Amino acid sequence: MIVKPKKFTKIYDDLKASILNEEIVYGEQLPSENDLVATYEASRETVRRALNLLVSEGMIQKIRGKGSIVIYQGVTEFPFSRLTSFKEVQERLGVKLETEVKLLEKENAGSVPKVKEALNLKKEDKLWHLIRYRKADGRVKIIDEDYLVEAVVPNLTEDIVSDSLYDYIEQELGLDISYSRKAITFEPFTDQEYAAFGTINPPYTATVRGVVHLRDMTKFQYNVAKHIATDFRFIDFSRR
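Quantities reported herein were computed from a predicted structural model and do not represent experimental measurements.

A. Structural context of the overall build of the protein chain. Across its full length, the protein chain holds eight helices and eight strands. Within the protein chain, buried positions represent 41% of all 240 residues. Across the protein chain, the fraction of contacts at a sequence separation of at least 24, relative to all contacts at a separation of at least 6, is 57%. Just so you have it, the protein chain exposes about 14,200 Å², and 47% of that area is on carbon and sulfur atoms.

In structure tokens, the structure reads:
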């Protein structure tokens, strides 16, 4: 016996496929509820049920007076539980991503108290302050902000940090990067995120903060990675 799928499932599947196949892209409007009712010969309740599923999955946003707008931009999956460089992520996933260096400067640890405390520094100790945009298809996907102890990681240049910071540390400086402690919080956009990501609904980032240690337990890096919340996917494995 063949069981026909429910009509709302058919509508949901068709619309989701159109979004994933980029027939309807980010910022564009889905057909109106009236058009969907007519196309699928379905009730308004059935259409809304399908649309609500897309809302719950972060594919669309319902906006009063405008209808249903596509907010899905594709999910770029980055490892959370492993300490991996951005360059290694690109090679593993086989995706083409771009790094734009927005800031590379030195400052005293005393000017960033939270970082000073996290890295156990004195206020006069020097830090590299680094901000990089990670882009896919020309759109910013991640804001990476780093503070690195200059005494441990000297002579940084824009060429080094736009290629692979970890390659430089391990291969050029001969240091052994060991482990990191990370925490995730979900935070509303600030002016920095609006400038980088544009208008996103909901305007939240999944912000991953971590302190990175060398093999000898020296703390040398404080990293803040801000992902668009709807793009962020946390994957881990747990067993009892």
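Read on, since the account is not over.
B. Focus on the sheet that holds strand β4 (residues 126–136). A sheet is described by the order of its strands in space; here six strands give the open sequence β3-β4-β5-β8-β7-β6, paired in antiparallel fashion. Every other strand in the sheet has two partners, leaving β3 (98–108) and β6 (177–188) as the edge strands with one partner each. Direction aside, the axes of adjacent strands within the sheet are offset by 15° on average. Looking at chain direction, strand β7 (residues 204–214) and strand β8 (residues 219–228) are connected through nine bridges and run antiparallel. Each bridged residue has a counterpart across the sheet, and for Val208 the counterpart in β8 is Ala225.

C. Representation of the nonpolar core within the structure. Core analysis: the largest hydrophobic core is formed by 28 residues, its most contacted members being Leu119, Leu127, Leu148, Val153, Leu156, Ile169 and Phe220. Breaking this core down by element, the ones donating at least two residues are β4, β5 (139–149), α6 (158–163), α7 (165–172), β7 and β8. For this core, the element with the most residues is α7, which contributes four residues. With sequence-adjacent residues up to four places away left out, Leu119 is seen in contact with Leu127, Tyr147, Val149, Val211, Lys219, Phe220, Gln221 and Tyr222. Counting residues in hydrophobic clusters, the runner-up holds 17 residues, among them Ile19, Leu36, Val47 and Ala50.

D. Representation of unusual backbone geometry in the model. With an omega dihedral of -5°, the bond running from Asn201 to Pro202 counts as a cis peptide bond. Position of Pro202 relative to the elements: it lies in the loop between α8 (191–197) and β7. The backbone phi angle of Glu22 is positive, close to 60°, even though this residue is not glycine. Turning to its location among the elements, Glu22 is positioned in the loop between α1 (7–20) and α2 (33–40). For Asn155, which is not a glycine, the phi torsion comes out positive at approximately 60°. Looking at where Asn155 falls in the secondary structure, it is placed in the loop between β5 and α6. The class of Asn155 is exposed, set by a relative accessible area of 57%.

E. Layout of the pairing of strand β1 (residues 60–63). In terms of strand pairing, β1 meets strand β2 (residues 67–70) through four bridges, oriented antiparallel. Its bridge partner lying in β2, Ile60 is registered against Val70. Hairpin remark: β1 followed by β2, antiparallel, with three residues in the connecting loop; positive phi at Gly65, about 85°.

F. View of helix α3 (residues 44–56). Look at α3: 18 Å from first C-alpha to last across 13 residues, which is about the 18 Å you get at 1.5 Å a residue. For α3, the full list of buried residues reads Val47, Ala50, Leu51 and Leu54. Down the axis, α3 shows its buried residues gathered within 95° of arc, on one side only. Residues of α3 that are exposed and angled more than 90 degrees away from the buried face: Glu45 and Ser56. In this structure, the buried residues of α3 make contact with α1, α2, β1 and β2.

G. Representation of the packing of aromatic side chains within the structure. Tallied over the full model, the rule gives two aromatic pairs. Judged by centre distance (5.1 Å) and plane angle (80°), the ring pair of Phe189 and Tyr194 falls under edge-to-face. Take Phe189: its relative accessible area is 10%, and that puts it in the buried class. Geometrically, the ring pair formed by Phe189 and Phe197 is tilted, given 5.7 Å between the ring centres and 40° between the ring planes.

H. Molecular detail of the pattern of salt bridges. Per the stated rule, a full pass over the model turns up ten salt bridges. We note a salt bridge from Arg44 to Glu33, for which the minimum N-O separation is 3.2 Å. Of this pair, Arg44 sits in helix α3 while Glu33 is found in helix α2, placing the two residues eleven residues apart along the sequence. Here Glu33 ties to Arg48 by a salt bridge, and the two come within 2.9 Å at their closest N and O atoms. Placement of Glu33 in helix α2 and of Arg48 in helix α3 is noted, with a sequence separation of 15 residues between them. Here Arg48 falls in the partly exposed class, since its relative accessible area comes to 40%. Here the salt bridges do not stand alone but share partners, grouping Glu33, Arg44 and Arg48 into one network.

Scoring rules and cut-offs
- Residue numbers run consecutively from 1 along every chain, following the written order of its sequence.
- At least 70 in pLDDT is required for a residue's local features to be given in this predicted model, at least 80 for side-chain atom pairs to be given and counted, and no such filter applies to totals for whole chains, interfaces and linings, which use all residues.
- Calculation of side-chain values draws on the structure's entire complement of heavy atoms; hydrogens and water are dropped beforehand.
- By the criteria applied, helices consist of DSSP H or I runs no shorter than four residues and strands consist of E runs no shorter than two, each listed in order from the N terminus.
- Exposure categories follow from relative accessible area, calculated using a 1.4 Å probe and restricted to protein chains: below 20% of the type maximum is buried, above 50% is exposed, and the middle band is partly exposed.
- Residue contacts follow a heavy-atom distance rule, with two residues in contact if any of their heavy atoms lie within 4.5 Å.
- For every accessible area listed, the method is Shrake-Rupley and the probe measures 1.4 Å; residues are considered covered only by the protein chains on display.
- When DSSP locates at least two bridges between a pair of strands, those strands are taken to pair.
- To get an axis, fit a line to the C-alpha atoms, keeping to the stretch in contact for a helix; angles then go from 0 to 180 degrees between the N-to-C directions.
- To form a nonpolar core, buried Ala, Val, Leu, Ile, Met, Phe, Trp, Tyr and Cys residues must be joined to one another through side-chain atoms within 4.5 Å.
- The length a helix should cover is 1.5 Å for every residue beyond the first.
- This arc describes the spread of directions from the helix axis toward the C-beta atoms.
- Two rings from Phe, Tyr or Trp (for Trp, the six-membered ring) form a pair when their centres sit within 6.5 Å of each other. Planes less than 30 degrees apart are called stacked, planes more than 60 degrees apart edge-to-face, and all others tilted.
- Salt bridges, as used here, are contacts in which a Lys or Arg side-chain nitrogen is within 4 Å of a carboxyl oxygen on Asp or Glu.

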